[in-house]
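Overview (structure and organization)
Each chain is listed here by its residues.
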Amino acid sequence: MISFSPGPSQVYPALPQYFQDAYNHHVLSANHRSKMFMNMYQEVIQLFQEKLHLPADYRLLFTSSATENWEIISQSLTKEGSYHLYSGAFGKKWFDYATNILPHTAGFKFSADEGFQVNDLDVPEALDIIAITQNETANASQVPLHVIEEIRSKFPHKLIAVDTTSSMGGIELDFHQADIWFASVQKCFGLPSGLGILILSPKALKKASEIGEHGRYNSVSFMVENADNYQTHYTPNVLGIYFLMRLLKDVEEIHFLDKRTRQRMQELENIVASKDKYRYLIKMPEFRSRTVLGISGEESLIGDIKKDAEQHGILLGSGYGGYKTTSFRVANFPVISDEQFKKLTDYLKEY
Ligand SMILES: *Cc1c(COP(=O)(O)O)cnc(C)c1O
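All of these numbers come straight from a predicted model, not from anything done at the bench.

Scanning the protein from terminus to terminus reveals 11 helices and 15 strands. Whereas a compact globule of 351 residues would reach a radius of gyration of roughly 20 Å, the protein reaches 20 Å, a difference of no more than 12%. Seen through its principal axes, the protein has C-alpha atoms that stretch 55 × 55 × 30 Å. Evaluated residue by residue, the protein yields a buried proportion of 58% over its 351 residues. Long-range contacts, defined here as pairs at least 24 residues apart, represent 72% of the contacts in the protein between residues at least 6 apart. On the protein, roughly 14700 Å² of surface is accessible, and the fraction owed to carbon and sulfur atoms is 51%. For the protein, the separation between the mean place of its 35 positive charges and that of its 42 negative charges on side chains is 2 Å.

Bringing the sheet that holds strand β9 (residues 180-184) into the picture now. Here seven strands make up an open sheet; going across it, the order is β2-β10-β9-β8-β5-β3-β4 and the pairing mixed. Edge positions in the sheet fall to β2 (59-63) and β4 (106-109), since each of these pairs with one other strand and no more. The average angle at which neighbouring strand axes cross in this sheet is 20 degrees, direction not considered. Alignment of strand β8 (residues 159-163) against β9, held across three bridges, turns out to be parallel. Along β9, the bridge assignment pairs V162 with W181.

So, on to the nonpolar core. Core analysis: the biggest nonpolar cluster contains 115 residues, and F48, F116, I151, I180, F189, I199 and L244 have the highest contact counts within it. When we break this core down by domain, the ones giving at least three residues each are domain 1 (2-8 + 253-350) and domain 2 (15-250). If sequence neighbours within four positions are ignored, I180 has contacts with I73, L77, I129, L159, I160, A161, V162, L198, I199, L200 and A204.

Looking now at the sheet that holds strand β12 (residues 292-296). Taking strand neighbours across the sheet as the criterion, the four strands line up as β11-β12-β15-β14 in an open arrangement whose pairing is antiparallel. Two strands lie at the open edges of the sheet, namely β11 (279-280) and β14 (317-318), each paired on one side alone. Sheet topology note: the β12/strand β15 (residues 327-331) ladder contains five bridges and is antiparallel. Bridging across to β15, I295 finds its partner in F328. Relative to the sheet, helix α9 (residues 254-274) contacts β11, β12 and β15, its axis offset from that of β12 by approximately 5 degrees.

Domain parsing of the protein yields domain 1 (2-8 + 253-350) and domain 2 (15-250). Every contact between the two is made by 29 residues of domain 1 and, on the other side, 33 residues of domain 2. Both faces considered, domain 1 and domain 2 share a buried interface measuring about 2500 Å² in area, 59% of it formed by carbon and sulfur atoms. Contact with domain 2 buries surface across domain 1, with I254, F287 and Y320 losing the most and accounting together for 28% of the total. The interface formed by domain 1 and domain 2 includes one salt bridge. Ionic pairing is found between K283 and D113, a salt bridge with its closest N-O pair at 3.3 Å. Our enumeration of links across domain 1 and domain 2 arrives at 16 residue pairs in polar contact (both at pLDDT 80 or more). For the side of domain 1 that touches domain 2, the elements supplying multiple residues, two or more each, are α9 and β12. In terms of residue count, the dominant contributor to the side of domain 1 that touches domain 2 is α9 (six residues). Of the residues assigned to the side of domain 1 that touches domain 2, the class counts are 15 nonpolar, six polar and eight charged.

Let us look at the UniProt feature "domain: Aminotransferase class V" (unreviewed entry) in the protein. Annotation from UniProt places "domain: Aminotransferase class V" (unreviewed entry) at residues 6-79 and 126-319. Span residues 126-319 is 39% helix and 18% strand, its end C-alpha atoms 37 Å apart.

A few words on the site of the ligand. Every residue near the ligand is listed here: S65, A66, T67, W70, F90, N135, T137, D163, T165, S184, Q186 and K187. The side chain of D163 places a nitrogen or oxygen atom 2.7 Å from a nitrogen atom of the ligand. In this structure, an oxygen atom belonging to the ligand sits 3.0 Å away from a side-chain N or O atom of Q186. Protein contacts shield 88% of the accessible area of the ligand, which totals 380 Å² for the unbound molecule. The residue inventory of the shell around the ligand, partitioned by class, reads three nonpolar, seven polar and two charged.

Okay, the packing of helix α1 (residues 15-24) against helix α8 (residues 238-250) next. A packed helix pair is summarised by two numbers, namely the angle formed by the two axes and the spacing between the axes. Contact pair α1 / α8: the axes reach a minimum separation of 10 Å and the direction vectors enclose 120 degrees. By the angle class used here, α1 and α8 are oblique. Two packed elements cross with a definite hand, and for α1 against α8 that hand is right-handed. Along its contact with α1, which presents L15, Y18, F19, D21 and A22, the element α8 presents L239, Y242, F243, R246, L247 and D250.

The next point concerns the packing of aromatic side chains. On inspection of all chains with the given rule, the structure shows 17 aromatic pairs. Centre to centre, the rings of Y41 and F62 are 4.7 Å apart; their planes meet at 50 degrees, and the pair counts as tilted. Highlighted residues: Y41 in helix α2 (residues 35-52) and F62 in strand β2, separated in sequence by 21 residues. Both residues of the pair, Y41 and F62, count as buried.

Cut-offs and rules
Residues numbered from 1 in each chain as written. Predicted model: local features only at pLDDT ≥ 70, side-chain atom pairs only at ≥ 80, totals over all residues. Heavy atoms only, no water. Helix = DSSP H or I, 4+ residues; strand = E, 2+ residues; numbered from the N terminus. Rg over C-alpha atoms; globule rule 2.2 N^0.38 Å. Buried < 20%, exposed > 50% of the residue type's maximum accessible area, 1.4 Å probe, protein only. Contact = heavy atoms within 4.5 Å. Areas by Shrake-Rupley, 256 points an atom, 1.4 Å probe, with all protein chains shown as cover. Lys, Arg positive; Asp, Glu negative; His and termini not counted. Charge placed at Lys NZ, Arg CZ, Asp CG, Glu CD. Pairing = 2+ DSSP bridges. Axes fitted to C-alpha atoms, helices over the stretch in contact; angles between N-to-C directions. Core = buried A, V, L, I, M, F, W, Y, C linked by side-chain atoms within 4.5 Å. Domains from an automatic or database assignment. Buried area = accessible area lost by both parts, 1.4 Å probe. Salt bridge = Lys/Arg side-chain N within 4 Å of Asp/Glu carboxyl O. Polar contact = N/O pair within 3.5 Å; in protein donor to acceptor, adjacent residues only side chain to side chain. Nonpolar A, V, L, I, M, F, W, Y, C, P; charged D, E, K, R; others polar. UniProt positions renumbered as here; feature names shortened; annotations may be inferred. Near = heavy atom within 4 Å. Parallel < 35°, antiparallel > 145°, perpendicular 65-115°, else oblique. Left-handed = near helix turned anticlockwise from the far one by under 90°. Phe/Tyr/Trp six-rings, centres within 6.5 Å; stacked < 30°, edge-to-face > 60°.

Here you go:
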């Protein structure tokens, strides 16, 4: 069965080998204060710089999940409150977590179908962070990267935080366009869950030290103090970090992955456009995600196709939340091979 679920996604077939190597080289019991761990942390950073173009002055921290990153942002990086731009369930969850920690948090829910105009955005003076769910996995929409760029130039004094949980590793991000980027590895990275990544710009680091929040196990000040020595603030998911290092060594540089991601999404979109029974979940082409495609249709069609696909060895991702019965989602992550992808497109064309 080939899984096209956007989360957790399928994992790389090289994983058993990585695991065997981790076992053989005593990585599994490595102490997180040991030289071995420190070298590994350093190597992940270097690979992020080489393969994903992480700027040299940005910091990379390990956490446990994207959800944890939401809380860290409110706790350590926000003064008064954040302003959330969201269209779907994950963006809404982030907004809710943030409101729980900082009651002044505000948000603007836009329709993923219509997008929004940066010109119309009005962010209250007191709110110091703009929170954007770049790739909304729940409804298969995206905030195009040039829009994030426009937001940054309109609000140069605010920090921009971007949830790229289901796009980092699949599309090329210009990290300079925001201050806080985060993901977890069980989506676009094609690895098992349990590891989060938090990336901070110099401006975000400066703000964290101005705010000076400390005392929590995941206070940014404490995390950075440990990261200065390539160590972590608690015994981390060493295996997950090892997998990430091995994977980053093996994957192509993001520019190539990005090109392939876009080409394949275009192919999928052409199929949707050519068949009457499929409709895009997100109608505005610009706001359609490049890494997750949402197809909507009659409830009966959606139910039937999911069942039929399974009989052909294809596991389609279910719709999320309110879209559960009227849509399905297809992950277009680098972990999916071109051969698997072709099976899917052949199937969708035929069905
Ligand atoms: C999956 C997902 C999350 C939550 O990730 P966890 O690792 O489960 O915390 C957050 N944001 C987006 C956009 C997601 O797709």
